[in-house]
Amino acid sequence: MTVKTVLITGASGAVGSAVVPLFLNEPETQLRLLIRADSASHLQERLGALMDYWQPELEDADAISRVQAFRGDVSEPQMGLQAHEYQQLTEELTHIIHCAANVKMNMSYEQAQKISVDSARYIVGLAEDCVASGQFAKLDFVSTLGVAGKMRGLIPERPLIEAREYHNTYESSKAEAETFVLEKMNAGLPVSIHRPSMVVGDSVTGKTIHFQIFYYLAEFITGRFSFGILPNAGDVKLDIIPSDYVAKALYWSSGDSESTGSLFHLCSGPDHSIRIMDLVDNVRAILASSYDEKLPALIVAPASLFNILLPVLKLVTTKKVRARLSNLPLFLDYLNDQQLFDNTETTQVLSAAGISIPDVNQYLEKVIGYYRQQKYPRS
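Residues numbered from 1 in each chain as written. Predicted model: local features only at pLDDT ≥ 70, side-chain atom pairs only at ≥ 80, totals over all residues. Heavy atoms only, no water.

## What about helix α7 (residues 243–254)?
And then number 1: With 12 residues, α7 ought to run about 16 Å at 1.5 Å a step, and its terminal C-alpha atoms sit 17 Å apart, in line with that.
And then number 2: The buried fraction of α7 is high, at 10 of 12 residues.
And then number 3: Along α7, the positions that sit buried rather than exposed are Ser243, Asp244, Tyr245, Val246, Ala247, Ala249, Leu250, Trp252, Ser253 and Ser254. (Helix = DSSP H or I, 4+ residues; strand = E, 2+ residues; numbered from the N terminus. Expected span 1.5 Å × (residues − 1). Buried < 20%, exposed > 50% of the residue type's maximum accessible area, 1.4 Å probe, protein only.)

Written as structure tokens, this is what we have:
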């Protein structure tokens, strides 16, 4: 029997870091990690920090012996690896989980293309070379629901062929990368594509390795940086999904050959997404009741009026807060889209595999609590 050897890109990210322990808890599985580092010593330093992060979840104290880290960059040809390292991977990999990404929304076109499109081409190239070696089973490619851009209504669980506009270069470059992978999938490459929504911490512990977009929004909706003034989002919902749900789905998919050729929406969907205005109330209630935070009284203004007030708010606040508010228009742009994400088929498939969508009302306090304890440990 061929030993399972899995390459995970983006192991230091929110999704990748949640996937790694699931594979390391398979006693025989060998893990290969691609990590950016300035030197060999820096590589080992980063790997050590990651192993410390994963240690509480590992059942095997010697799991590190089954991990080999490579110093490279998925956006570079042959991922920046030395020739013999790349050759080693083509001859031994049975699975690839491609999680590497950069979720910054204000990247230049060139940056976004390099990070999303170039990396897709190089990871697919590696998968094709592995297929040629004969032992390769599958590539699981992490895309994003952001590929829908400014489409309105219910976004379907299928390739999106509609002409559409995008909010930013992150979305447009991810859409181009996904289209490339879909073409390869249709040509016979064994791959599944996964579109997560906005990823938050673990549904049980709240733990996450990075605080990404959701946490910026959570800070903003407390009102502490805008004198309590918030835009009225009406009935617009926010689709967030815990990292452990995404990780379990990727782990299951990698071992399920029948999922090859499938496209999954790893999200809460219309039934489990939360209204932004309810999220405002819930986050403020958590901070007030559990942490005795004194928050400003809430003043909900029409979104159009808030956009007019925003420059004024910047003038009367601190430099640090101005920096936070400067990126806010990038997020407010999403309030214009009455957008939901269909996950009917994905939910059916994953439920049959024992993977269910966590209830936001059950995990929100844990996610907010973990963030607060890490960000403000002395308060």
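Here the narrative resumes.
## Considerations on the pattern of salt bridges
It is possible for side chains of opposite charge to pair when their charged atoms get near one another.
And then number 1: Inspection of every chain in the model, using the stated rule, returns 16 salt bridges.
And then number 2: Here glutamate 92 ties to arginine 32 by a salt bridge, and the two come within 2.8 Å at their closest N and O atoms. Of this pair, glutamate 92 sits in helix α3 (residues 83–92) while arginine 32 is found in strand β2 (residues 30–35), placing the two residues 60 residues apart along the sequence. Note on accessibility: glutamate 92 and arginine 32 belong to one class, buried.
And then number 3: In this structure, the salt-bridge partner of arginine 195 is glutamate 178, at a minimum N-O distance of 2.6 Å. Taken together, the residues arginine 195 in strand β7 (residues 191–196) and glutamate 178 in helix α5 (residues 169–186) connect sequence positions 17 residues apart.
And then number 4: Here arginine 195 falls in the buried class, since its relative accessible area comes to 0%.
And then number 5: Look at glutamate 178 and you get buried, because its relative accessible area is 4%.
And then number 6: One network of salt bridges, in which partners are shared, links Glu219, Arg224, Glu293 and Arg372. (Salt bridge = Lys/Arg side-chain N within 4 Å of Asp/Glu carboxyl O.)

## Some remarks on the nonpolar core
And then number 1: With 42 residues, the main nonpolar core has Phe214, Ile240, Leu279, Phe306, Leu328, Leu364 and Ile368 as its most contacted residues.
And then number 2: Elements represented by at least two residues in this core include exactly β8 (198–200), α6 (213–220), β9 (229–232), α9 (276–291), α10 (303–315), α11 (319–326), α12 (328–332) and α14 (360–375).
And then number 3: With residues up to four places along the chain from it excluded, the contact list for leucine 328 reads Tyr216, Phe220, Phe306 and Leu310.
And then number 4: Listed in part, the 40 residues of the second largest apolar core include Ile8, Leu31, Leu50 and Trp54. (Core = buried A, V, L, I, M, F, W, Y, C linked by side-chain atoms within 4.5 Å. Contact = heavy atoms within 4.5 Å.)

## Remarks on the environment of glycine 125
And then number 1: You can see glycine 125 is positioned in helix α4 (residues 109–133).
And then number 2: Taking the C-alpha atoms as reference points, glycine 125 and isoleucine 308, separated by 183 residues in sequence, lie 48 Å from one another.

## So, the packing of aromatic side chains
And then number 1: Applying the stated rule across the entire model yields eight aromatic pairs.
And then number 2: Here phenylalanine 214 and tyrosine 215 contribute two aromatic rings whose centre-to-centre distance is 5.4 Å and whose plane-to-plane angle is 80°, an arrangement assigned as edge-to-face.
And then number 3: Taking the relative accessible area as the measure of exposure, tyrosine 215 reaches 2% and is therefore buried.
And then number 4: Geometrically, the ring pair formed by phenylalanine 220 and phenylalanine 306 is edge-to-face, given 5.9 Å between the ring centres and 70° between the ring planes. On the criterion of sequence distance, the pair formed by phenylalanine 220 in helix α6 and phenylalanine 306 in helix α10 is long-range, its members being 86 residues apart. The residues phenylalanine 220 and phenylalanine 306 share a single accessibility class, namely buried.
And then number 5: Over the face of the ring belonging to tyrosine 53 we find lysine 207, whose NZ or CZ atom lies 4.0 Å from the ring centre.
And then number 6: The positively charged end of arginine 224 is found above the aromatic ring belonging to phenylalanine 225, 6.0 Å away from the centroid. (Phe/Tyr/Trp six-rings, centres within 6.5 Å; stacked < 30°, edge-to-face > 60°. Lys NZ or Arg CZ within 6 Å of the ring centre and 35° of its normal.)

## Some words on the sheet that holds strand β12 (residues 263–266)
And then number 1: Pairing is parallel across the open sheet formed by seven strands, whose spatial order is β3-β2-β1-β4-β5-β7-β12. Edge strands, defined here as strands with exactly one partner in the open sheet, are β3 (67–71) and β12. The mean inter-strand angle of the sheet, taken between neighbouring strand axes irrespective of direction, is 15°.
And then number 2: The pairing of β2 with β3 spans five bridges and is parallel. Residue pairing across strands places isoleucine 35 opposite arginine 71, the latter belonging to β3. (Pairing = 2+ DSSP bridges. Axes fitted to C-alpha atoms, helices over the stretch in contact; angles between N-to-C directions.)

## Digging into the pairing of strand β1 (residues 5–9)
And then number 1: Most of β1 is tucked away: five of the five residues are buried.
And then number 2: On β1, burial covers both faces: Thr5, Leu7 and Thr9 on one face and Val6 and Ile8 on the other are all buried.
And then number 3: Sheet topology places β1 next to β2; five bridges connect them, and they run parallel. By the bridge assignment for β2, leucine 7 is matched with arginine 32.
And then number 4: Handedness of the crossover joining β1 and β2 through helix α1 (residues 16–24) is recorded here as right-handed.
And then number 5: Inspection of the sheet shows β1 paired to strand β4 (residues 95–98) by four bridges, in the parallel sense. Looking at β4, one finds that threonine 9 is bridged to histidine 98. (Right-handed = clockwise from strand over helix to strand, strands pointing away.)

## Notes on a nonpolar patch on the surface
And then number 1: Taken together, Phe227, Leu315 and Val316 make up a surface patch of nonpolar side chains, about 340 Å² in accessible area.
And then number 2: Within the secondary structure, phenylalanine 227 sits in the loop between α6 and β9. (Patch = residues over 30% accessible without salt bridge, like charges linked within 9 Å, V, L, I, M, F, W, Y side chains within 5 Å. Areas by Shrake-Rupley, 256 points an atom, 1.4 Å probe, with all protein chains shown as cover.)

## Topic: the packing of α3 against α4
And then number 1: Two numbers describe how α3 lies on α4: the axes approach to 7 Å, and their chain directions differ by 55°. By the angle between their axes, α3 is oblique relative to α4. The handedness of the crossing between α3 and α4 comes out as right-handed. Contacts between α3 and α4 involve Tyr86, Leu89, Thr90 and Glu91 on the former and, on the latter, Gly125, Leu126, Asp129, Cys130 and Ser133.
And then number 2: Its residues assigned to classes, the contact of α3 with α4 shows four nonpolar, three polar and two charged. (Parallel < 35°, antiparallel > 145°, perpendicular 65-115°, else oblique. Left-handed = near helix turned anticlockwise from the far one by under 90°. Nonpolar A, V, L, I, M, F, W, Y, C, P; charged D, E, K, R; others polar.)

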